[in-house]
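Survey of secondary and tertiary structure
This is what each chain is made of:
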Amino acid sequence: MTLTIQNIIPIIKANWIGSNDIAVIDTISIDSRSLQNNPNTLFFALSGPNHDGHIYIEDLILKGVCHFVVNHIPDTVKDKANFLLVDNTLEALQKFAAFYRSEFDFPIIGITGSNGKTIIKEWLNFLLSPDYNIIRSPKSYNSQVGVPLSILGINEKHNLGIFEAGISTQDEMEKLQKIIRPTIGILSNIGSAHDEGFPSVAEKIKEKLKLFTAVNVLILNKNKTISAFINPKIKTFSWCSDDKSADVFITKKKDSDHTILNVTYREDTFSIHIPFQDQASIENAIQCMMVMLYFGYTQKVIQTRMAQLYPVEMRLKVKNGSNNCTLIDDSYSSDFQSLKIALDFLEHQKQHKKKTLILSDIFQSGLHTDELYSKVSQLIISNKITRVIGIGETIAQFKNKFINCTTFKNVAEFMDAFENMAFENETILIKGARDFHFEEIVTLLEEKTHETVLEINLNAISHNLNFFKSKLAPKTKLMVMVKAFGYGNGGFEIANLLEHHKVNYLGVAFADEGIALKNAGISIPIMVMNPESTSFSAIINHHLEPEIYSLKGLKAFLKIAEQKKLKHFPIHIKLDTGMHRLGFEEAQIPELIQILKNNDSVQIKSILSHMATSDDLHYLSFAKSQIALFGKESQQIQSELNPKAIRHILNTSGITNFPEAQFDMVRLGIGLYGISNDAEEQKELQQVGTLKSIISQIRTISKDESVGYGRRFIASDTTKIATIPIGYADGIRRSWGQGVGYVTINGKQAKIVGSICMDMLMVDVTHIDCKEGQTIIIFGENPTVNFIAKQLNTIPYEILTSISQRVKRVFYRE
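These numbers were taken from a predicted model, which means no experiment stands behind them. (Residues numbered from 1 in each chain as written. Predicted model: local features only at pLDDT ≥ 70, side-chain atom pairs only at ≥ 80, totals over all residues. Heavy atoms only, no water.)

**Digging into the overall build of the chain**
On a plain count of helices and strands, the chain comes out with 27 helices and 43 strands. Relative to the compact-globule value of 28 Å for 814 residues, the chain shows a C-alpha radius of gyration of 29 Å, a close match. Considering only C-alpha atoms, the chain reaches an extent of 95 × 85 × 60 Å along its principal axes. Scored against the burial criterion, the 814 residues of the chain give a buried share of 55%. Partitioning the intrachain contacts of the chain with sequence separation of at least 6 by distance along the chain shows that 66% fall at a separation of at least 24. A total of about 35300 Å² of accessible surface is found on the chain, and carbon and sulfur atoms cover 48% of it. Positive and negative side-chain charges of the chain, numbering 86 and 88 respectively, have mean locations separated by a distance of 1 Å. (Helix = DSSP H or I, 4+ residues; strand = E, 2+ residues; numbered from the N terminus. Rg over C-alpha atoms; globule rule 2.2 N^0.38 Å. Buried < 20%, exposed > 50% of the residue type's maximum accessible area, 1.4 Å probe, protein only. Contact = heavy atoms within 4.5 Å. Areas by Shrake-Rupley, 256 points an atom, 1.4 Å probe, with all protein chains shown as cover. Lys, Arg positive; Asp, Glu negative; His and termini not counted. Charge placed at Lys NZ, Arg CZ, Asp CG, Glu CD.)

**A few points about helix 22 (residues 589–597)**
Within the span of helix 22, buried status applies to I589, L592, I593 and L596. All buried residues of helix 22 fall inside an arc of 95 degrees around its axis, so they share one side. For helix 22, the elements touching its buried residues are helix 21 (551–563), strand 30 (569–575), strand 31 (602–609) and helix 23 (620–640). (Arc of directions from axis to C-beta.)

**Concerning the packing of helix 21 against helix 22**
Two elements in contact, helix 21 and helix 22, have axes whose closest approach is 11 Å; the angle formed by their N-to-C orientations is 5 degrees. The orientation of helix 21 relative to helix 22 falls into the category roughly parallel. Two secondary-structure elements touch here, helix 21 through L551, L554, K555 and L558 and helix 22 through E591, L592, I595 and L596. (Axes fitted to C-alpha atoms, helices over the stretch in contact; angles between N-to-C directions. Parallel < 35°, antiparallel > 145°, perpendicular 65-115°, else oblique.)

**A look at the sheet that holds strand 8 (residues 67–70)**
Strand order in this open sheet of five strands is 2-9-8-5-4, and the pairing throughout is mixed. Of all strands in the sheet, those bounded by a partner on one side alone are strand 2 (15–17) and strand 4 (27–29). Strand-to-strand, the axes of this sheet are offset by a mean angle of 20 degrees, without reference to chain direction. Against the sheet, helix 3 (residues 89–102) makes contact with strand 4, strand 5 (41–44) and strand 8, and its axis sits at roughly 135 degrees relative to strand 5, the strand it touches most. (Pairing = 2+ DSSP bridges.)

**Observations regarding the packing of aromatic side chains**
All told, the structure shown has 23 aromatic pairs when counted by the stated rule. Measuring from centroid to centroid gives 5.1 Å for F536 and F557, while their planes differ by 90 degrees, and the two rings are edge-to-face. Taken as a pair, F536 in helix 20 (residues 536–541) and F557 in helix 21 lie far apart in primary sequence, 21 residues in all. Here the two residues F536 and F557 agree in accessibility, since each one is buried. Considering the side-chain rings of F630 and F663, the 5.1 Å spacing of their centres and the 90 degrees angle between planes classify their relative orientation as edge-to-face. With F630 in helix 23 and F663 in the loop between helix 24 (652–657) and strand 33 (665–668), this pair connects stretches of sequence that are 33 residues apart. Note on F663: relative accessible area 27%, which makes it partly exposed. Put simply, the rings of Y132, F237, Y265, Y294 and F295 touch in pairs and so form one group of aromatic residues. Over the ring of F423 we find R387; its NZ or CZ atom is 4.5 Å from the centre of that ring. (Phe/Tyr/Trp six-rings, centres within 6.5 Å; stacked < 30°, edge-to-face > 60°. Lys NZ or Arg CZ within 6 Å of the ring centre and 35° of its normal.)

**Some points on the confidence of the model for the chain**
Residues with a pLDDT of 70 or more make up 98% of the chain, whose mean pLDDT is 92. Mean pLDDT per element in the chain: helix 17 (residues 483–487) is the minimum at 59, and strand 32 (residues 646–648) is the maximum at 98. (pLDDT = per-residue confidence, 0-100.)

**A closer look at the state of the cysteines**
One pass over the full model with this rule turns up zero disulfides. Among the cysteines around C240, which has no disulfide bond, C288 carries the closest sulfur, lying 18 Å off. Judged by its relative accessible area of 3%, C240 falls in the buried class. Of all cysteine sulfurs in the structure, the one in C325 sits closest to C405, which takes part in no disulfide; the separation is 18 Å. For C405, a relative accessible area of 12% corresponds to the buried category. (Disulfide = S-S within 2.5 Å.)

**Concerning helix 10 (residues 299–306)**
Buried residues of helix 10: I302, R305 and M306, and no others. With its buried residues spanning 95 degrees around the axis, helix 10 presents them on a single face. Looking at the buried residues of helix 10, the elements they touch are helix 4 (117–128), strand 18 (268–274) and helix 9 (279–294).

**Some details on the sheet that holds strand 32**
Reading across the sheet, the eight strands line up as 32-31-30-29-28-27-26-33 and stay open at both edges, with parallel pairing between neighbours. Looking at the sheet topology across the chains shown, the edges are occupied by strand 32 and strand 33. Within this sheet the neighbouring strands show an average axis-to-axis angle of 30 degrees, counted without direction. Sheet topology places strand 29 (residues 545–548) next to strand 30; two bridges connect them, and they run parallel. When the sheet's bridge partners are listed, I548 is paired in strand 30 with I573.

**Observations concerning the nonpolar core**
Grouped together as the largest cluster of nonpolar side chains are 126 residues, with contacts concentrated most on L506, I573, I745 and V763. Ranked by residues supplied to this core, first place goes to helix 11 (residues 336–348) with seven residues. What V763 contacts, discounting residues up to four positions off in sequence, is K720, I721, A722, I724, V743, I745, A750, K751, I752 and V753. Of all hydrophobic cores here, the second largest spans 47 residues; its members include I9, F104, L209 and L211. (Core = buried A, V, L, I, M, F, W, Y, C linked by side-chain atoms within 4.5 Å.)

**Some words on the pairing of strand 5**
Side chains T41 and F43 of strand 5 all project onto a buried face; the interleaved residues L42 and F44 project onto the opposite face, where all are buried too. Here strand 4 pairs with strand 5 via three bridges, running parallel. Among the inter-strand pairings, I28 is bridged to a residue of strand 5, identified as L42. Strand direction decides the pairing type here: strand 5 and strand 8, joined by three bridges, are parallel. By the bridge assignment for strand 8, L42 is matched with H67.

**Some thoughts on the side chain of S29**
Topologically, S29 is positioned in strand 4. For S29, a relative accessible area of 6% puts it in the buried group. Separated by 3.2 Å, the side chain of S29 and the backbone nitrogen of D31 make a polar contact. Residue contacts for S29: discarding those within four places in its chain leaves N37, T41, L42, F43 and F44. (Polar contact = N/O pair within 3.5 Å; in protein donor to acceptor, adjacent residues only side chain to side chain.)

**Describing the environment of E684**
With respect to the helices and strands, the residue E684 is situated in helix 25 (residues 679–684). Sequence-wise, E684 and H463 are 221 residues apart; in three dimensions their C-alpha atoms are separated by 9.3 Å. Aside from chain neighbours lying at most four places away, what touches E684 is H463 and F467.

**Considering the environment of A280**
Inspection of the secondary structure puts A280 in helix 9. Using a relative accessible area of 48% as the deciding quantity, one classes A280 as partly exposed. Along the chain, A280 and S188 lie 92 residues apart, while their C-alpha atoms are 9.9 Å from each other.

See the structure below:
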């Protein structure tokens, strides 16, 4: 579909300010980082309480983008581009998507519920794709922004759509219904997710049901509570395991590692084998089977395809590869829409200039193969991919469309040639359809570490950052602490994300941390909080900015600065207002001023202090005295040396407890990682890190037998013991053993028994259904880092920063 600015103006009810209203639009974008942005892109500058897309417009114009949907025109870009002025840019995006959806007439499946939406969508895509050209939501694109972007992927060759809709509060679903306009509805499981956004469960059910106001049929698990809210005019196609009045009656039987479903439909009974035993997967599989029944598939086809269902990976994961490579693992899907998302994600990783794409044949694009691979080639060129490795018989036929491309018929052929292929100092995106088993390639390229991983949710970091931004005055700047390897979570990946969010400063403890970030391509200013005098030259050479906290340190730095003939090099002055750790005391300030008055090799960029009790309101008067003293001393330095010097004293707890003391900047630390001392605030933050391992071995011991060193656990009865490959060398404190702590397996607590070893710990799984190789949770949602810290009489900082570097960090985006 070809649209011009002139066509779009009335659709989104915009006022046009520009010079070219006949410009053709071929791309819609909300991501300023995307290399797919081009002169024919229409960029929607989305704005909210904690973000503003308008700040990226100037940079985008320099990159060639000419057309913008805005709610105001920044002064710096007036008369430099075409602007479509609207009251609300998100509503404009939704209006445009609703119009676009109205131009197509084929069945659309709309899915909502509390859990299972993405899995049902992906399984339906697998089950139905042999017979349809399917367009579906990429990943978990189910929000007020994600749904419009998903719909805009439709083209004329598609004949079936599968879209999910997620809501978190009232009055959201009606907007999504107008965009998706489903003809077939699926209501998945209704659980507790987002309960806080609704007055009651009943209100949440009613809100979700708004997606189905105009469907031809609604597929659901028959339930009296839900049925009470369904409009009787809506045709339902229901299933149930305990109510034979449902359209489809199902009984379940678990057998070894799969489940047998006995299905009764229209007085005919047949069985289906699915390769799962957990309740959530069984329910999701049944929803998919119901769609196949509704579409009229034969029993044989249903049985054959359902037996091939597989676990769905919903995340793009960043992993460490061998030979200093970074891997982006997207090895379970290959379609055009998700390729665009994966390439954008690749561009966000800036560790290496060299970028390699390993790509399988692409399925379900709705395009003819020649047109498809021409578009793929254009994407690869715009994303500046250095090398392409194609795997599959179809992509091999179009090898000549790609620059620096090698192709193989299958993964086995690639693996045979692997020894002769150089992979080093590069970022590698592994993007393949499930049938190609690209997980084997990931294993081959991945740095060999043990099976314990700390998963870092980048979406949660963005959420937490925006939460604290919402507490700041409009002109208050923000420094974010990424010291101690990002509080144990990972340095570069988090710094890279913060740079995109345009934080003003990063803070590290020592020079080597800052140097690593600069070498990895981080460009925003970095303050070194505890610089050693031996690192001053390196700090200068790598354009870091030191905190100066003593006369001795100041004189040492000035000596080097003068030798290097520096002018106005930025430094930061630390004042001791009561912490009595580092900083200039009040009596030293006159000498400090006198020294700097006569020296132009440095310039005070900021003045800071550190609060001792910002998290403990029992010491409210002491905290206020620190703030008052800082205000007095910093103002004295400003007036004598630099009136524009930035002043900051608040850390994470201070942001919450002392909003009146924001001065010019605040320093966000552990709050970014989802940790707060305030119980109400903790509810608003999202879990960032989840420490996972696996069960190495399960054994059964008899009464009076012991486990571990020193026989510190002796069984009182026959006991089943699981061994987990993580120990105190990985950062798990020994005091968390001997029945004090637990891990979570299948949602149940498994007590740690005996002493925690250097590399292992043992847990009691007598009453837990589990098997060797199964994933377990050390900390995350349960137990939380806060809970562990409280039990061990320590602080969350210590728990997080103790996780050793030998534990692999995996970064993902939902």
